[in-house]
Amino acid sequence: MNEKLSSIKQEILDGIEAKATSRATAFELRKQFLDSKTGTIGQLMKEMKNIAPEERANYGKEVNELKAWATDVFAKLDEEMKAKELKAKYEAEKIDVTMPAKEYQTGNLHPITQMRNQLIDVFAGMGFEIFEGTEIENDYYNFTALNTPQDHPARDMQDTFYLSPEFLLRTQTSAGQIHVMENKKPPIKILSPGKVFRSDDDATHSPMFTQMEGLVVDEKITLCDLKGMLDVFVQKIYGEGATTRLRPSYFPFTEPSVEVDVSCFECGGKGCKLCKGTGWIEILGAGIVNKKVLENCGIDSEKYSGLAFGIGIERTAMLKYGINNIKLLFESDIKVLKQIDDN
Ligand code: DAH
């Protein structure tokens, strides 16, 4: 009998050695020996009834001792496995607080969007409201109502993408002026940003670009109002010291028309490469709204007058950020776009 019990003990110790690698396997092993119905020791207890009565007491004592020993061994094993598993878990979940943080790439607004937002901020500060027109226009709004009828030579200034004899991709946000004046009576003070399209393509021109139109119509609006507003605009965008100069020009929808220059913000007006030695940089077209345009929209041109201007957003951004090729703004090269983050 003693021999049998010692061999069971050895079997338990060998089993632990070979198989007990986790709490789960240790538990399985425990069941193999200690399960009251199927376990090896459980079976020995059941044998009791077949043992001769005079040996029964001794048999029972020895089996019970073995059972107590095995229970104790497995309890210790379970503790050991629990500690081992906890340690492994802590090891796996350990956080190295000295590790450098992962770098997250954050995007920034596109330079054209930034420029557009800055322009809106400047003019909203002067009380302008936003009107967004449509990119597909009809000939009347883009040209005729703006005093540019069919065969007018000024149509050649803009190479137009026609969609049909009547419809076209707007070549200028000036088209929005007409929609606004048809629907609203003075006082009017609107800013109209948006995409425009022309068949034009070189380092400073793109077939699609964006403009920001300004229109003010009220009593007694003069070129002085225009100059005052544009001075505020250039100071906010190009710096406190910037000022504007108006040169006579021609646009069919303004009379008089002007080309507006900003004092060179690179050299302060002394003359440099950027301003080609002149101290001035051309930035936009503007003027006093032609009486014919007001009348086309049913506005009394004796009582009211207006000023208008059209800013090229890409051009403004290229000058401000020193970009020499408009294509850089459309190629979506992260390395380029990341460098311009003003907002
Ligand atoms: N629409 C003109 C262009 O695209 C720009 C312009 C000039 C707009 C004079 C105006 C203006 O409102 O008064 O070339």
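Residues numbered from 1 in each chain as written. Predicted model: local features only at pLDDT ≥ 70, side-chain atom pairs only at ≥ 80, totals over all residues. Heavy atoms only, no water.

Colleague: Before we move on, could you go through the side chain of Thr244 and cite the residues and values that matter?
Modeller: Of note, Thr244 is situated in strand S6 (residues 244-251). Take Thr244: its relative accessible area is 5%, and that puts it in the buried class. There is a polar contact of 2.6 Å between the side chain of Thr244 and the side chain of Asp231. Excluding its chain neighbours within four sequence positions, the residues that come into contact with Thr244 are Lys227, Leu230, Asp231, Val234, Val260, Asp261, Val262 and Trp280. (Helix = DSSP H or I, 4+ residues; strand = E, 2+ residues; numbered from the N terminus. Buried < 20%, exposed > 50% of the residue type's maximum accessible area, 1.4 Å probe, protein only. Polar contact = N/O pair within 3.5 Å; in protein donor to acceptor, adjacent residues only side chain to side chain. Contact = heavy atoms within 4.5 Å.)

Colleague: Any details on the packing of helix H5 (residues 111-124) against helix H8 (residues 223-238)? Residues and values, ideally.
Modeller: Contact geometry for H5 and H8: axes closest at 10 Å, N-to-C directions at 135°. In terms of orientation, H5 lies oblique with respect to H8. Judged by the twist between their axes, the crossing of H5 over H8 is right-handed. Counting all contacts with H5, which are made through Met115, Gln118, Leu119, Val122 and Phe123, the residues of H8 involved are Phe233, Lys236 and Ile237. Of the residues assigned to the contact of H5 with H8, the class counts are six nonpolar, one polar and one charged. (Axes fitted to C-alpha atoms, helices over the stretch in contact; angles between N-to-C directions. Parallel < 35°, antiparallel > 145°, perpendicular 65-115°, else oblique. Left-handed = near helix turned anticlockwise from the far one by under 90°. Nonpolar A, V, L, I, M, F, W, Y, C, P; charged D, E, K, R; others polar.)

Colleague: Summarise the environment of Thr98; cite the residues concerned and give the values.
Modeller: Looking at the element boundaries, Thr98 is found in the loop between helix H4 (53-93) and H5. A polar contact of 2.5 Å, which involves the side chain of Thr98, links it to the side chain of Asp96.

Colleague: Tell me about empty space enclosed by the protein, and please be specific about residues and values.
Modeller: In this structure the tally under the stated criterion is one cavity of 30 Å³ or more. Of the pockets and cavities examined, the largest cavity occupies roughly 60 Å³. Taken together, Phe143, Thr148, Ala154, Met157, Gln158, Gln172, Phe251, Pro252 and Phe253 form the lining of the largest cavity. Residues that form the lining of the largest cavity fall into these classes: six nonpolar, three polar and no charged. (1 Å grid on protein atoms, 1.4 Å probe; cavity = no way out; pocket = protein on both sides within 12 Å on 5 of 7 lines; lining within 4 Å. Points joined across faces, edges and corners; volume = space filled by probe spheres on them.)

Colleague: Residues and numbers for the pairing of strand S7 (residues 254-263), please.
Modeller: Buried residues dominate S7, accounting for eight of its 10 residues. Bridge analysis of S6 against S7 gives seven bridges, and the strand direction is antiparallel. Within S7, the position partnered with Leu246 by the bridge is Val260. Hairpin connection between S6 and S7: a loop of two residues separates the two successive antiparallel strands. In the sheet, S7 pairs with strand S8 (residues 280-289) via eight bridges, with the strands oriented antiparallel. The residue bridging Val262 from the neighbouring strand is Ile281, located in S8. (Pairing = 2+ DSSP bridges.)

Colleague: Which residues make up unusual backbone geometry, and what values do they have?
Modeller: Following Pro186, the chain continues to Pro187 via a peptide bond in cis, the omega torsion being 5°. The omega torsion of the bond from Glu255 to Pro256 falls at 0°, within 30 degrees of zero and hence cis. Here Pro256 is to be found in strand S7. Despite not being glycine, Asp151 has its phi angle at roughly 70°, a positive value. Along the chain, Asp151 falls in the loop between helix H6 (139-142) and strand S3 (167-169). Residue classification places Asp151 among the exposed positions, given a relative accessible area of 73%. Phi angles above zero are rare outside glycine, and Lys276 is one such case at about 55°.

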